[in-house]
Amino acid sequence: MYASLRILLVLTLIITVSSCNDKEVLPKPSAQLALDFPKGDYVQSNNLNCPFSFEVNEYARVLAKSDCSMKIEYPGMDATLYLNYRPVQDNLRKLLIDGQKLSYDHNQKADVIGDYPFVNKMNKTYGMMYEIEGNAASNAQFYVTDSTKHFLTASLYFYTQPNYDSILPAVDYVKTDMIKMMETLKWK
């Protein structure tokens, strides 16, 4: 029994002595996340059958349906901007409530929901942009209307587990495109 204890002590001593070295331990240097999104060059959307047009980032791929709802996909980001068009037919109040409710449905996962009014009297576009901070399913949304005939909503989604800190640069990139869409939106 004493022999086993001596062998164990000797092995412990050998391991302890051999694990020591004279190298200085240094912390790893800080690194920056390198995200390389293409510069946003904008072109006019060519959805001739829809009662609206806007400028869209040529990096994005626009997929339109016959009812003028659209998916604007951002390859390489796993992001899609969903646009839904509805005609105003004595239902503006309901459309506005639905547009606002869509953003506030993310309240459980959101840290902050910022709402920013949008008015462009020249193009007769009025609406609201929402920025949802936190691990919500959608981090940016808007609705725009002319208050008489047209109503358009947009919601940004990523095909990944929501982690706001990780997707924030991509959210900011697409949010810039969303603002450009709102600013250049024209009703036909």
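For the structure, check the block above.
A brief look at the structure comes next. (Residues numbered from 1 in each chain as written. Predicted model: local features only at pLDDT ≥ 70, side-chain atom pairs only at ≥ 80, totals over all residues. Heavy atoms only, no water.)

A word on the side chain of T125
Then comes step 1: You can see T125 is positioned in strand β8 (residues 125-134).
Then comes step 2: Under the relative-accessibility criterion, T125 is labelled buried at 0%. (Helix = DSSP H or I, 4+ residues; strand = E, 2+ residues; numbered from the N terminus. Buried < 20%, exposed > 50% of the residue type's maximum accessible area, 1.4 Å probe, protein only.)

Some points on the pattern of salt bridges
Then comes step 1: Here the structure, examined in full by the defined rule, presents seven salt bridges.
Then comes step 2: Among the ionic pairs, D41 bridges to K39, the shortest N-O distance being 3.3 Å.
Then comes step 3: Assessed through its relative accessible area of 34%, D41 is described here as partly exposed.
Then comes step 4: In this structure, E73 engages K71 in a salt bridge whose closest nitrogen and oxygen atoms are separated by 3.6 Å.
Then comes step 5: Given a relative accessible area of 29%, K71 falls into the partly exposed group.
Then comes step 6: Where salt bridges share partners, they join R61, K71 and E73 into one cluster. (Salt bridge = Lys/Arg side-chain N within 4 Å of Asp/Glu carboxyl O.)

Quick notes on helix α3 (residues 164-184)
Then comes step 1: Between its first and last C-alpha atoms α3 spans 28 Å; for 21 residues at 1.5 Å apiece the expected length is 30 Å, and the two agree.
Then comes step 2: When the local axis directions of α3 are compared, the greatest deviation, roughly 35°, occurs at A170.
Then comes step 3: Buried residues of α3: Y164, I167, A170, V171, Y173, V174, K175, D177, M178, M181, M182 and T184, and no others. (Expected span 1.5 Å × (residues − 1). Bend = angle between axes of the 7 residues up to and from the residue.)

Focus: the environment of P38
Then comes step 1: Summarising the element assignment, P38 is placed in the loop between α1 (2-19) and β1 (42-44).
Then comes step 2: In this structure the C-alpha to C-alpha distance between P38 and Y59, which are 21 residues apart in sequence, comes to 7.3 Å.
Then comes step 3: Residue contacts for P38: discarding those within four places in its chain leaves Y59 and Y173. (Contact = heavy atoms within 4.5 Å.)

What about unusual backbone geometry?
Then comes step 1: One non-glycine residue, D78, lies in the positive phi region at around 55°.
Then comes step 2: Examined against the element boundaries, D78 turns out to sit in the loop between β5 (70-74) and β6 (79-87).

A word on the packing of aromatic side chains
Then comes step 1: One pass over the full model with this rule turns up 10 aromatic pairs.
Then comes step 2: Ring plane angle 80° and centroid distance 6.5 Å describe the contact between F52 and W187, whose orientation is recorded as edge-to-face. Of the two residues, F52 sits in strand β2 (residues 52-53) while W187 sits in strand β11 (residues 186-187), which places them 135 residues apart along the sequence.
Then comes step 3: Using a relative accessible area of 0% as the deciding quantity, one classes F52 as buried.
Then comes step 4: With a relative accessible area of 16%, W187 lands in the buried category.
Then comes step 5: Judged by centre distance (5.6 Å) and plane angle (15°), the rings of Y143 and F151 are stacked. In this structure, Y143 and F151 share a single accessibility class: buried.
Then comes step 6: Members of the aromatic cluster, connected to one another through ring pairs, are F37, Y59, Y74 and Y173. (Phe/Tyr/Trp six-rings, centres within 6.5 Å; stacked < 30°, edge-to-face > 60°.)

Concerning the state of the cysteines
Then comes step 1: Under the definition given, this model contains one disulfide.
Then comes step 2: Sulfur-sulfur distance for the disulfide between C50 and C68 comes to 2.3 Å. An S-S torsion of about -110° defines the bridge between C50 and C68 as left-handed. Within this pair, whereas C50 is found in the loop between β1 and β2, its partner C68 is found in the loop between β4 (61-64) and β5, the two being separated by 18 residues in sequence.
Then comes step 3: Residue classification places C68 among the buried positions, given a relative accessible area of 5%. (Disulfide = S-S within 2.5 Å.)

Brief notes about the nonpolar core
Generally speaking, nonpolar side chains in soluble globular proteins are found buried as a group.
Then comes step 1: Core analysis: the largest hydrophobic core is formed by 33 residues, its most contacted members being F52, F54, I72, Y74 and M178.
Then comes step 2: Considering every element that reaches this core, the biggest residue donor is α3, with eight residues.
Then comes step 3: Residues in contact with M178, not counting those within four places in the same chain, are L81, M129, A140, Q141, F142, A154 and L156.
Then comes step 4: Counting nine residues, the second-largest nonpolar core is a separate cluster that includes V88, L95, I132 and Y143. (Core = buried A, V, L, I, M, F, W, Y, C linked by side-chain atoms within 4.5 Å.)

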